[in-house]
Amino acid sequence: MTIQEQQRDEQLNAIGRELFERSQAGTLDFEMFQSLLKRAIAAVGAENEHLEMFCHYATGEGWWDWMVQELRKAPSRRVA
């Protein structure tokens with residue numbers, strides 16, 4: 001694992017911890033969910049398999065649809 005990959009992994013882990021902690025504390029609203037997902041996409045790209053952690057938290061009305069839309073519109077990090 002390169003240093004860059006390790007840094008991205010650490011960023012995603014920190015976001016995942018915040019997602020979990022806010023959910024447990026009852027402070028995970030749609031605005032925070034959006035913010036955390038956008039930060040995660042910026043850190044690791046929309047195609048990262050670990051973004052599936054957000055699926056469990058997409059429970060509010062419209063959250064799932066918004067999340068899928070964000071993942072589809074995010075630019076790919078793949079190199080041709």
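What you are looking at is a predicted structure, and each value in this text was computed from that prediction instead of being measured.

Cut-off values and rules
- Residues numbered from 1 in each chain as written.
- Predicted model: local features only at pLDDT ≥ 70, side-chain atom pairs only at ≥ 80, totals over all residues.
- Heavy atoms only, no water.
- Salt bridge = Lys/Arg side-chain N within 4 Å of Asp/Glu carboxyl O.
- Helix = DSSP H or I, 4+ residues; strand = E, 2+ residues; numbered from the N terminus.
- Buried < 20%, exposed > 50% of the residue type's maximum accessible area, 1.4 Å probe, protein only.

**Digging into the pattern of salt bridges**
Phase 1: All chains considered together, the criterion is met by three salt bridges.
Phase 2: Among the salt bridges present, the one from Arg39 reaches Glu18, with a minimum N-O distance of 3.2 Å. Pair noted here: Arg39 is in helix H2 (residues 30-44) and Glu18 is in helix H1 (residues 3-25), with a separation of 21 residues, a long-range link.
Phase 3: On the basis of relative accessibility, which here comes to 38%, the residue Arg39 falls in the partly exposed class.
Phase 4: In this structure, the salt-bridge partner of Glu70 is Lys73, at a minimum N-O distance of 2.9 Å. Linking Glu70 with Lys73, this pair stays in helix H3 (residues 63-73), spanning three residues, or about one helical turn.
Phase 5: For Lys73, a relative accessible area of 58% gives the class exposed.

**Description of the environment of Asn48**
Phase 1: Note that Asn48 resides in the loop between H2 and H3.
Phase 2: Overall, the relative accessible area of 23% leaves Asn48 in the partly exposed class.

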